[in-house]
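Here is what each chain is made of, one letter per residue.
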Amino acid sequence: MDKTWNNKAWFLVVPVIVLVAFNAIIPLMTVVNYSVQESFGGGVFFFEGTKWFQQILTSERFHAALLRQFAFTGTILLIEIPLGVAIALAMPRRGPWVSVCLVLMALPLLVPWHVVGAIWNIFALPEIGLLGRALNGLGFDYNFTRQVGSAWFTLILMDVWHWTSLVVLLAYAGLMAIPEPYYQAARIDGASQWAVFRHIQLPKMNRVLTIAVLLRFMDSFIIYTEPFVLTGGGPGNATTLLSIDLVKMALGQFDVGPAAAMSIIYFLIVLAISWVFYTLMMRNEDRW
Amino acid sequence: MARIALENVAHSYQPAPQGPADFAVKELDHVWEDGSAYALLGPSGCGKTTLLNIISGLLVPSRGTVRFDGVDVTETIPERRNIAQVFQFPVVYDTMTVYDNLAFPLRNRGVAAAETDSRVREIARMLELDDRLQHRARRLTADAKQKISLGRALVRSDVAAILFDEPLTVIDPHLKWLLRSKLKQLHHQFDFTMIYVTHDQTEALTFADRVVVMYEGEVVQIGTPEELFERPIHTFVGYFIGSPGMNVAPAAVAGNKAVVAGHEIELDRAYPTLDGAANVEIGVRPEYVEICRGEDGLPVSVRRVDDIGRLKLVKVDLGGHLFNIVAGEDTEIAATQARIRFDRRRVHVYADGHIVEGRAA
């Protein structure tokens, strides 16, 4: 049978094209446009080629921010994923406490990001905050606005508080999807609790954990609001993550060109790592 | 080897059961003889799986005692019982190879590596899995996975009984036959006690030495497939076993006569007056109702005739009560009216669902 060609069908995809154009392509192209030009304001632009890209890629400031970013993301992943799985395992599987646990777990996720930053800022203040006073009272020399170590400790604790719940909920969903006969068979086979975890629960959670790691990686890699409200990137530049650095450059110094170049590099890094990660995890899945 | 005795066992999933309706398994006394094959047959939700889980130890019954060879194991955990269970959905450990799957129950029990290896290879050979020992279990088909589940049961030399919970439900029909005969062969070879839960009566009847029919948490009849067919002691058994099931119609029974919708039917035996029963019925299997020529049968109107190959399935109406008849393919059946005759030796009388013994008349 001959296919009917009707070009009017293109009209049907117009809404999508318009939508994607306005929320992705046009803004992205604007950034690309800025990234190859120099501007002194007043709508005057000069073409600069790849100058800004070279400048960003060779700048120590960018390297330092990137390193801090990796340190932050790596640390929170190492804490949140195992902790989330552990909490999910400890949660009851049925009964009235299930809803209680789920609601408690969901609470931190419902708090707006800048509020999280504000809460922790006040909570951790050494003189008046509960956490700050308690730590100092216990004999620790703790001051997150002055000491690098304290600032990082608070930053990571805040992220763990805010986002471990997401891992818990995903892992819990994965656990609940395991049919009861698996556990029954394991009991009859005499499997230890560790064996049940290693050979039933972990493999069955593989997929949701992949999603959890991916989401937490992306979110933590582009995190801005919470550390900005908590430390503002300080003390000094100690907690200046990539996004904070980017905003400083773009809005603080109004270096639109370099900031645009950095945006693109930043975006490509997130994209590349997510892609590599996802491909590896999925291939691993296949092999199993 | 084990003789499994259930003494006054009952189970309720509610913490404080009130009436009999709260029990998933009502009080039950039964001995599963060593080396026999039992089928546990009944509709969904009748308590089959609950009973199975009580035997394997996955559930501790609310009441009663479970004994293996006389030893009370009611509270013993499944791992410590010499019992294995195969589930409806094949349970395999995805990340392990076939070999590791089969070795898993032995390794968990600390069996020496050399013995484990020889057992695993032996069982794999019997189940025809030996060419796939190093494959990942997750990639296998449902029937191969179910073989692994079975293999994990057989591999343990201490296993005296294997419980099957509808193990062939998810298997393709043409493979069902293969697995079924494999299972039968293994049962003969190893001589373990086998309790096989199913709601498929063909499966139950081909497999089992004895069939246990359950209904609403109660065992209604235990018998050989033949007994269940010839002499169902409860109308439910008559209805549930057989395809189509037994014809049951309300009747007035006196002596050796039953009256159904004004028609008199002669019975082989004489019955006492059944005035005490709220509900008196006669039951006769479709195979024992005959369509006859001449004028001396019961007049019925023919509702429907289905030709199912070598047999004809006839539905007739006797004074408002529908009867199924299985007739030979050559039987001539008039379009509207016919006469039928019951095989009088095969007509049973039921009072409130339970069979009534008649005296030979």
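### With respect to the domain arrangement of chain B
Residues and elements named next belong to chain B.
1) Next: As far as domains go, chain B holds domain 1 (4-240) and domain 2 (247-360).
2) Next: The partner domain 2 presents 12 residues to the 10 residues of domain 1 that form the contact.
3) Next: Across the domain 1/domain 2 interface, buried area totals approximately 990 Å², and carbon plus sulfur atoms make up 47% of it.
4) Next: Between domain 1 and domain 2 we count 2 salt bridges in total.
5) Next: When the shortest N-O distance is used, the salt bridge between Glu230 and Arg346 registers 3.5 Å.

### Some remarks on the packing of aromatic side chains
1) Next: What the rule picks out here adds up to 17 aromatic pairs over all chains.
2) Next: Between the aromatic rings of Phe221 of chain A and Tyr266 of chain A, the centroid separation amounts to 6.2 Å while the plane-to-plane angle is 55°, which identifies the pairing as tilted. Of this pair, Phe221 of chain A sits in helix H9 (residues 193-221) while Tyr266 of chain A sits in helix H12 (residues 256-287); the two residues are 45 residues apart in sequence, bridging distant segments of the chain.
3) Next: Relative accessible area serves as the criterion here: at 0%, Phe221 of chain A is assigned to the buried category.
4) Next: Three or more aromatic residues joined by ring pairs make a cluster, and in this case those are Phe70, Phe217, Phe221 and Tyr266 of chain A.
5) Next: Seen from the ring of Tyr183 of chain A, Arg93 of chain A lies directly overhead, with NZ or CZ sitting 4.4 Å from the centre.
6) Next: Geometry around Phe229 of chain B places Arg285 of chain B over its ring, the cationic atom sitting 4.5 Å from the centre.

### Focus: the layout of surface pockets
Empty pockets left among the atoms are what a rolling probe the size of a water molecule brings to light.
1) Next: If you add up the space inside the largest pocket, you get close to 350 Å³.
2) Next: Surrounding the largest pocket, 14 residues form its lining, Arg93, Tyr183, Gln193, Val196 and Gln201 of chain A being those nearest its centre.
3) Next: Breaking the lining of the largest pocket down by element, the ones donating at least two residues are helix H8 (180-188) and H9 of chain A.
4) Next: Here the element with the most residues in the lining of the largest pocket is H8 of chain A; it accounts for 5 residues.
5) Next: Looking at the lining of the largest pocket residue by residue, the class counts come to 6 nonpolar, 4 polar and 4 charged.
6) Next: Taken as a whole, the second largest pocket holds about 200 Å³ of empty space.
7) Next: Together, Glu264, Ile265, Glu266, Asp296, Gly297, Leu298, Ile340, Arg341, Phe342 and Arg344 of chain B line the second largest pocket.
8) Next: Of all the secondary structure elements, the ones that give two or more residues to the lining of the second largest pocket are strand S13 (263-271) and strand S19 (337-342) of chain B.
9) Next: A class-by-class count of the residues in the lining of the second largest pocket yields 4 nonpolar, 1 polar and 5 charged.

### Describing empty space enclosed by the protein
Residue and element names in this part refer to chain B.
1) Next: Taken as a whole and judged by the stated rule, the model has 4 cavities of 30 Å³ or more.
2) Next: One number sums up the size of the largest cavity: a volume of about 70 Å³.
3) Next: In terms of lining, the largest cavity is formed by Val86, Gln146, Lys147, Leu150, Phe164, Pro167, Leu168, Leu179 and Leu183.
4) Next: Sorting the residues of the lining of the largest cavity by element identifies helix H4 (142-154) and helix H5 (173-190) as the ones contributing at least two each.
5) Next: When residues in the lining of the largest cavity are grouped by element, the largest group, 3 residues, is from H4.

Rules used throughout
- Residues numbered from 1 in each chain as written.
- Chains lettered and ligands numbered in written order.
- Predicted model: local features only at pLDDT ≥ 70, side-chain atom pairs only at ≥ 80, totals over all residues.
- Heavy atoms only, no water.
- Domains from an automatic or database assignment.
- Contact = heavy atoms within 4.5 Å.
- Buried area = accessible area lost by both parts, 1.4 Å probe.
- Salt bridge = Lys/Arg side-chain N within 4 Å of Asp/Glu carboxyl O.
- Phe/Tyr/Trp six-rings, centres within 6.5 Å; stacked < 30°, edge-to-face > 60°.
- Helix = DSSP H or I, 4+ residues; strand = E, 2+ residues; numbered from the N terminus.
- Buried < 20%, exposed > 50% of the residue type's maximum accessible area, 1.4 Å probe, protein only.
- Lys NZ or Arg CZ within 6 Å of the ring centre and 35° of its normal.
- 1 Å grid on protein atoms, 1.4 Å probe; cavity = no way out; pocket = protein on both sides within 12 Å on 5 of 7 lines; lining within 4 Å.
- Points joined across faces, edges and corners; volume = space filled by probe spheres on them.
- Nonpolar A, V, L, I, M, F, W, Y, C, P; charged D, E, K, R; others polar.

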